[in-house]
Amino acid sequence: MSASGSVGGTARREPHAPESTIGRKSDYLHAESTLRSWFLTTDHKRIAILYLASITGFFVIGALAAGVVRLALIVPNGAIMTNDTYNKAFTIHGVVMVWFFLIPSIPATFGNFLIPLMIGARDLAFPKLNLTSWYVFMAGALFTLVSVVLGGVDTGWTFYAPLSTAFSNTWVLPALIGVTIVGFSSILTGLNFVVTIHTMRAPGMTWFKLPIFVWAHYATSLIFLLATPVITTALILLIAERAFHIGVFDPAYGGDPVLFQHLFWFYSHPAVYIMVLPGMGVISEIVPAFAQKKLFGYRFVAYASIGLASVTFFVWGHHMFVNGQSDLASLVFSALSFAVAVPSAVKVYNWTATIHKGALRLDTPMLYAMGYIGLFVLGGLTGLYLATLAINQHIHATYFVVAHFHYIMVGGTVLAFLGGLHFWWPKFTGRMYSEPWGRVSALLIFLGFNVTFFPQFILGYLGMPRRYATYPAEFQLLNVLSSAGATILAAGYLFPMLYLVYSLWFGRKAPANPWNAKGLEWETSSPPPTHNFLSPPEVPRIPYDYPIQAQEARDQHG
Amino acid sequence: MSEPLADGVGVARAHHFESVAQQREAATLGIWAWLITELLLFAALFLVALITRIQHPEATVAAAKHLKFWIGATNTVVLICSSLTMSMAIEFSRMGWQRAMVRAMLATAALGGLFLVLKGYEYYADWAEHMMPFLSDRPFALAETPAARLFVNLYYVATLLHALHLFTGITLLLGMTWMAARAGFLARHQNWIEVYGLYWHFIDLVWILAFPILYVVNR
Ligand code: HEM
Ligand SMILES: [Cu+2]
């Protein structure tokens, strides 16, 4: 019970860094250690760890499926596996990676852990609901995986009708039901974040003092709330059609398959920003910390998050240029898609400006952040090619698309995820990871990623269509190159799993603020006590109060 | 809060909130956010139904004429009455009249049940009239125009989804009534009644939208 956190007056704040509390009863990891205390916890930090463990498992499953796909594509004639197996492998890869890894990754783990800390709250607004959404998530994901155990699905992660409702004779129904259930978990998480950010901020933590990470999650949560219900409807209709022939998509039942695509992409394009915005939030924390400089154009970056979240609802039609929608619609969607590039570019520009003339340190999180910026820019630029009507006719449904979305989604989300994981690892676990190994794997991942996916731009441009197990022999060289890159990439993913786990027992104990970073999460011990702060945190005078300040900051605050 | 609360009525602060006011604000915002997502869930269906009507007026009107207008209309009245009883329950909870509140909640649940019974009867009548095109052993009563079939399919998905919400709503309401009947409930959880009330009004609202879109337009 206290309402301190007075803001005015305090000119310079010495970080009153509390000691590490590892092993003391008060830290959230050691407070209780029974299984029950983990599986019935309502502590947002423990729930975040539950998510972290589960999505890591799903990532491994998705990666194995990707390995199978790349293995098959080493030879042009499909000699390694049947078409059927190939279809199932890329479907499960896409389903698991998108629905069970990318979408929940940053929000459910870092968001859960950090939002209350960053705003100076004791927990999310609805702790029990938070635990519920983890169970909902697990139930849905396991439901889907049952379909794999039974024999697989072959519709692709997009479940296009009428293939998914009438023609596929694989285990579509459990996969659909699982994905539908997982959607509710997203909605509940988004709801919890929105309410928390609105109502639980510490006294003095005004909207324009919030870290960009929080802004990004606020925008993401709005997408969770406004887009997910629509895909739920679409999935429910698919289920009704497949199971009971109550249909609206299959022409045989009076339906319209393009309708499914409208409903699907109305969600799934915004979903891309569910994957990208949180990553941007992570990068916006890492970059200032490793440049020791105030984030350039803080307000613009904040507005750009909300801007992206809004525009993204109006561009779904760019997935349907060649599906017989009207030319006028295509033109409008094309133009709007170009508009999305603006807020994205604002962010890239602001990160670059922050790095410029900063006191740069190239530790692991920063290496990931720089890799992120590079891949994101290339992914974004190729998106403009795809949004151009005439070019789209040529590269639609080719490997160009596959390369594009991997640059955005893997480059944009997985790199941010790994960067954030290293950045906050000391806070999560109270231990430091091995810096040399961290740098090696960051470089390996960047290299492996480019060797894997860059050739796919060329393949697509040359006309290799996606989702086929065979291809003309002249494409073999580039495909082998891509598969070789995937091997490097796999090694790059394996290293962190090993040295991070190793650090849990043998890592050096982490201080409260190893990076000399700003933000309330660094004001508490590593790992934080169960109720987050032993004494109410002091809200900083300005956000990103780093030693090097841009001119603009001085102007704004006199 | 707009209404002053009576003595012994209020909310116990949960440990992670700074104040009761904050806790109430969070609960209210939370339920509104949830209702928006629920509305969007139905909105997609209603939108498709409306577009179908605009594109194929004759076929959909022919199909809509087979719906049991009087059952739909009666059910609309039933749900409006249930919203009324729910509002009364909220008023009573604010005044601390626990018994009256419990009775009003039971009445609300009963009206919800009546709705489901009538709806069930309507489905039975549809079945008898061969208005269920997805049952392969019962040939569809209307000529197989795709639009008519599409409209009828949408009608089933939308009304079944609504019925599912109502069923869940009644179950929750009965569970809550059971807890609310115990001594001391109103001193700790009065806002549960308010929050739940919003959910009930929402179920009502969805039907008030569904009824004209499915039953009435162009009739
Ligand atoms: C480990 C390295 C990876 C490799 C070698 C790889 C390979 C592939 C390949 C070859 C395809 C195209 C399948 C086809 O359309 O025929 C594909 C599709 C896809 N990948 Fe990856 N991938 C990797 C990592 C990831 C990651 C980490 C994610 C997400 C986090 C991801 C998300 C997707 C999605 C969404 C698709 C679309 C599936 C579809 O169109 O049905 N991939 N991947
Ligand atoms: Cu898109």
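In the block above lies the structure referred to throughout.
Heads up: these notes are all about the structure in this document. Bear in mind the structure is a predicted one, so any value in this text is a computation, not a measurement.

Examining the overall build of chain A
Argument step 1. Helix and strand content of chain A: 16 helices and zero strands.
Argument step 2. Its C-alpha atoms give chain A a radius of gyration of 23 Å, near enough to 24 Å, the size a compact globule of 558 residues would have.
Argument step 3. For chain A, the spread of C-alpha atoms along the principal axes amounts to about 70 × 50 × 45 Å.
Argument step 4. If you take every contact in chain A between residues at least 6 apart in sequence, the share linking residues at least 24 apart comes to 83%.

Looking at the site of ligand 1
All names here are of chain A.
Argument step 1. Neighbouring residues of ligand 1: 25 residues in total, closest Tyr-86, His-93, His-406, Arg-466 and Arg-467.
Argument step 2. Contributing elements (two or more residues each) for the shell around ligand 1: helix H2 (44-72), helix H3 (83-119), helix H13 (399-429) and helix H15 (476-506).
Argument step 3. Class assignment for the residues of the shell around ligand 1 results in 19 nonpolar, three polar and three charged.

Quick word on the packing of aromatic side chains
Argument step 1. Enumeration according to the criterion identifies 66 aromatic pairs over all chains in this entry.
Argument step 2. With 5.2 Å between their ring centres and 65 degrees between their planes, Phe-423 of chain A and Trp-522 of chain A make a pair best called edge-to-face. Of this pair, Phe-423 of chain A sits in helix H13 while Trp-522 of chain A sits in the loop between H15 and helix H16 (551-557); the two residues are 99 residues apart in sequence, bridging distant segments of the chain. Taken individually, Phe-423 of chain A and Trp-522 of chain A each receive the classification buried, so the pair is uniform in this respect.
Argument step 3. Taking NZ or CZ as reference, Lys-119 of chain B lies 5.2 Å from the ring centre of Tyr-123 of chain B, over its face.
Argument step 4. The ring of Trp-127 of chain B is capped by Arg-138 of chain B, whose NZ or CZ atom sits 4.0 Å from the centre of that ring.

Examining the coordination of the copper ion (ligand 2)
Residues and elements named next belong to chain A.
Argument step 1. Every protein donor of the copper ion (ligand 2) is accounted for by His-269 (ND1), His-318 (NE2) and His-319 (NE2), and the metal-donor separations fall at 1.8 to 2.0 Å.
Argument step 2. Between the donor residues of the copper ion (ligand 2), the gaps in sequence give the motif H-x48-H-H. You can see His-269 sitting in helix H8 (residues 257-291) and its partner His-318 sitting in the loop between helix H9 (298-311) and helix H10 (327-355), a full 49 residues away along the chain. Just as His-269 is buried, His-318 falls in that class too.

Considering a nonpolar patch on the surface
Argument step 1. Among the surface-exposed residues, Val-501, Tyr-502, Leu-504, Trp-505 and Phe-506 of chain A lie close enough to one another that they form a single nonpolar patch of about 600 Å² accessible area.
Argument step 2. In this structure, Leu-504 of chain A sits in helix H15.

Overview of the coordination of the iron atom of ligand 1
Residue and element names in this part refer to chain A.
Argument step 1. His-93 (NE2) and His-406 (NE2) make up the full set of protein donors to the iron atom of ligand 1, lying at 2.0 to 2.1 Å.
Argument step 2. One can describe the donor arrangement at the iron atom of ligand 1 as octahedral, given that its six donor atoms subtend angles of 80 to 179 degrees at the metal. In this pair, His-93 is assigned in helix H3 and His-406 in helix H13, connecting sequence segments 313 residues apart.

Some thoughts on the pattern of salt bridges
Argument step 1. One pass over the structure, following the stated rule, counts 10 salt bridges over all chains.
Argument step 2. Its salt-bridge partner being Asp-43 of chain A, residue Lys-45 of chain A comes within 3.1 Å of it at the nearest N-O pair.
Argument step 3. Judged by its relative accessible area of 0%, Lys-45 of chain A is buried.
Argument step 4. What makes Asp-43 of chain A buried here is its relative accessible area of 9%.
Argument step 5. A salt bridge links Asp-126 of chain B to Lys-68 of chain B, with the nearest nitrogen and oxygen atoms 3.1 Å apart. Of this pair, Asp-126 of chain B sits in helix H4 (residues 98-128) while Lys-68 of chain B sits in the loop between helix H2 (57-64) and helix H3 (69-95), and the two are 58 residues apart along the sequence.
Argument step 6. A relative accessible area of 14% means that Lys-68 of chain B is categorised as buried.
Argument step 7. Taken together, the shared-partner salt bridges connect Asp-363, Glu-435 and Arg-439 of chain A into one network.

So, the nonpolar core
All names here are of chain A.
Argument step 1. Core analysis: the biggest nonpolar cluster contains 230 residues, and Trp-99, Phe-100, Phe-110, Phe-159, Tyr-372 and Trp-424 have the highest contact counts within it.
Argument step 2. Among the elements that line this core, the one with the most residues is H8, at 20 residues.
Argument step 3. Excluding residues that lie within four positions of it along the chain, Tyr-372 makes contacts with Val-276, Gly-279, Met-280, Ile-283, Trp-351, Gly-411, Gly-412, Leu-415 and Ala-416.
Argument step 4. Among the nonpolar cores identified, the runner-up in size contains 15 residues, and Leu-73, Phe-90, Tyr-399 and Ala-469 belong to it.

Remarks on the packing of helix H6 (residues 172-199) of chain A against helix H7 (residues 212-244) of chain A
Residue and element names in this part refer to chain A.
Argument step 1. In contact at an axis separation of 8 Å, H6 and H7 are set at 155 degrees when each is read in the N-to-C sense. The pairing of H6 with H7 is recorded here as roughly antiparallel in orientation. Seen along the crossing, H6 lies across H7 with a hand that is left-handed.
Argument step 2. Residue classes in the contact of H6 with H7 are distributed as 22 nonpolar, nine polar and one charged.

Some details on the interface of chain A and chain B
Argument step 1. Taken together, the contact between chain A and chain B spans 36 residues of the former and 29 residues of the latter.
Argument step 2. When the two sides are added together, the surface that chain A and chain B hide from each other amounts to roughly 2,800 Å², 74% of it contributed by carbon and sulfur.
Argument step 3. Of all residues in chain A, Arg-122, Thr-199 and Ile-246 of chain A bury the most surface against chain B, accounting for 20% of the area lost on that side.
Argument step 4. Run the count over chain A and chain B and you get one salt bridge.
Argument step 5. Measuring nitrogen to oxygen at the nearest pair gives 3.2 Å for the salt bridge that ties Glu-18 of chain B to Arg-122 of chain A.
Argument step 6. Run the count over chain A and chain B and you get six residue pairs in polar contact (both at pLDDT 80 or more).

Criteria and cut-off values
- Residues numbered from 1 in each chain as written.
- Chains lettered and ligands numbered in written order.
- Predicted model: local features only at pLDDT ≥ 70, side-chain atom pairs only at ≥ 80, totals over all residues.
- Heavy atoms only, no water.
- Helix = DSSP H or I, 4+ residues; strand = E, 2+ residues; numbered from the N terminus.
- Rg over C-alpha atoms; globule rule 2.2 N^0.38 Å.
- Contact = heavy atoms within 4.5 Å.
- Near = heavy atom within 4 Å.
- Nonpolar A, V, L, I, M, F, W, Y, C, P; charged D, E, K, R; others polar.
- Phe/Tyr/Trp six-rings, centres within 6.5 Å; stacked < 30°, edge-to-face > 60°.
- Buried < 20%, exposed > 50% of the residue type's maximum accessible area, 1.4 Å probe, protein only.
- Lys NZ or Arg CZ within 6 Å of the ring centre and 35° of its normal.
- Donors = N, O, S within 2.8 Å, 3.2 Å for Na, K, Ca; no water.
- Patch = residues over 30% accessible without salt bridge, like charges linked within 9 Å, V, L, I, M, F, W, Y side chains within 5 Å.
- Areas by Shrake-Rupley, 256 points an atom, 1.4 Å probe, with all protein chains shown as cover.
- Salt bridge = Lys/Arg side-chain N within 4 Å of Asp/Glu carboxyl O.
- Tetrahedral: all angles 85-135°; square planar, octahedral: opposite > 155°, others 65-115°.
- Core = buried A, V, L, I, M, F, W, Y, C linked by side-chain atoms within 4.5 Å.
- Axes fitted to C-alpha atoms, helices over the stretch in contact; angles between N-to-C directions.
- Parallel < 35°, antiparallel > 145°, perpendicular 65-115°, else oblique.
- Left-handed = near helix turned anticlockwise from the far one by under 90°.
- Buried area = accessible area lost by both parts, 1.4 Å probe.
- Polar contact = N/O pair within 3.5 Å; in protein donor to acceptor, adjacent residues only side chain to side chain.

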